[in-house]
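Summary of the model geometry
What follows is the residue order along each chain.
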Amino acid sequence: MSGNDTREHIKLSARRLFAQRGIDGVTVREIVAASEQKNSGSLHYYFRTKDALVRELIVDTAQLIDDRRNAALDQMEAEGGPRHLRQVLEVLVFPSINLGEANGEEDTYLRFISLLALQNRGLLNEVLEGGLNTGYQRCLAHIRRLVAAVPATVLEQRLVFMSIALRAILAAREASLERTETTHAFWSAEGTLGNLLSSLEGMLCAVTDP
């Protein structure tokens, strides 16, 4: 196995463990064992520290998702849009799925990020704010424009609710679809993602209490 292959194998093994138990629940020794490295210092050799490895794992897929979102928004804005809230929600959701190597394949990234947000939100935000959430921020700006009828303070709360809910829902979907040899009746059902979009739309646009 080449040095680059070994590096990627360690990253994959670490992300799988982090997705199951969070970064605080996984030791360097366990990552080395899971990646089948004979040299106990292999993680230090390739990444120096566990923290540096976690940061790189965040960047890897966050950059992919951000690029997808920005590309979709660039096209919409070039055509005078987005004109409808649902279009923006599609840009939030669809770039965050099919993150595996094969087309239509899921990965462990969303579960990794979901647990990291609970255990060490400061670290996650620090890395993402280094230019990896520009597409997400553009989506929020469009939502604020398109949902102007909802009072600003109420909408800001709902945007936080939406972020938490979306991360948890997509992490649950990822876990259920991990085994590609079987079909998951709920997540594979026609219209499921459309219903998710409608639920998010309802969360943002619901009539406020008098």
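A brief structural summary. (Residues numbered from 1 in each chain as written. Predicted model: local features only at pLDDT ≥ 70, side-chain atom pairs only at ≥ 80, totals over all residues. Heavy atoms only, no water.)

**Overview of the overall build of the chain**
Helix and strand counts for the chain stand at ten helices and zero strands. The linear arrangement of helices and strands in the chain, starting from the amino end, is α-α-α-α-α-α-α-α-α-α. Its C-alpha atoms give the chain principal-axis dimensions of about 60 × 35 × 35 Å. Looking at the chain residue by residue over its 210 residues, the buried ones come to 42%. For the chain, the proportion of contacts with a sequence separation of at least 24, taken over those separated by at least 6, is 74%. For the chain, the accessible surface area stands at approximately 11,400 Å², while carbon and sulfur atoms represent 51% of it. Positive and negative charge centroids in the chain, built from 23 and 27 side chains respectively, lie 3 Å apart. (Helix = DSSP H or I, 4+ residues; strand = E, 2+ residues; numbered from the N terminus. Buried < 20%, exposed > 50% of the residue type's maximum accessible area, 1.4 Å probe, protein only. Contact = heavy atoms within 4.5 Å. Areas by Shrake-Rupley, 256 points an atom, 1.4 Å probe, with all protein chains shown as cover. Lys, Arg positive; Asp, Glu negative; His and termini not counted. Charge placed at Lys NZ, Arg CZ, Asp CG, Glu CD.)

**Quick word on helix 10 (residues 192–205)**
Taking 1.5 Å of rise per residue, 14 residues should cover 20 Å, and helix 10 covers 20 Å from first to last C-alpha, within 8% of that figure. Of all the positions in helix 10, only Thr192, Leu193, Leu196, Leu197, Leu200 and Leu204 are classed as buried. Each buried residue of helix 10 sits inside an arc of 150 degrees when the element is viewed along its axis, so together they form one side. (Expected span 1.5 Å × (residues − 1). Arc of directions from axis to C-beta.)

**Side note on the packing of aromatic side chains**
In this structure the tally under the stated criterion is four aromatic pairs. Both rings, one in Phe18 and one in Phe112, keep their centres 5.9 Å apart while their planes meet at 25 degrees; by these two values the pair is stacked. Here Phe112 lies in helix 6 (residues 109–119) and Phe18 lies in helix 1 (residues 3–21), a separation of 94 residues in the sequence. Of the two residues, Phe18 and Phe112, neither departs from the other in class, the shared state being buried. Relative to Tyr46, the ring of Tyr45 lies with its centre 4.8 Å away and its plane at 90 degrees, an arrangement referred to as edge-to-face. The structure contains a cluster of three or more aromatic residues connected by ring pairs, namely Phe18, Tyr109 and Phe112. (Phe/Tyr/Trp six-rings, centres within 6.5 Å; stacked < 30°, edge-to-face > 60°.)

**Considering the side chain of Ser114**
In this fold, Ser114 is placed in helix 6. Since its relative accessible area comes to 16%, Ser114 is described here as buried. The residues contacting Ser114, other than those within four sequence positions of it, are Arg167 and Ala171.

**Focus on the layout of surface pockets**
By volume, the largest pocket is sized at about 680 Å³. Considering the residues around the largest pocket, the lining is formed by 27 residues, among which Arg69, Leu128, Tyr136, Ser163 and Arg167 are closest to the centre. Secondary-structure elements contributing two or more residues to the lining of the largest pocket are helix 4 (50–78), helix 6, helix 7 (121–128), helix 8 (134–146) and helix 9 (152–176). When residues in the lining of the largest pocket are grouped by element, the largest group, eight residues, is from helix 9. What the second largest pocket holds in volume is close to 470 Å³. Lining the second largest pocket are 17 residues; nearest its centre among them are Leu12, Arg15, Gly100, Glu101 and Asp107. Looking at the lining of the second largest pocket, the elements with two or more residues in it are helix 1 and helix 4. Ranked by the residues each element gives to the lining of the second largest pocket, the list is headed by helix 1, at five residues. (1 Å grid on protein atoms, 1.4 Å probe; cavity = no way out; pocket = protein on both sides within 12 Å on 5 of 7 lines; lining within 4 Å. Points joined across faces, edges and corners; volume = space filled by probe spheres on them.)

In short, shape yes, function no, at least from these values alone.
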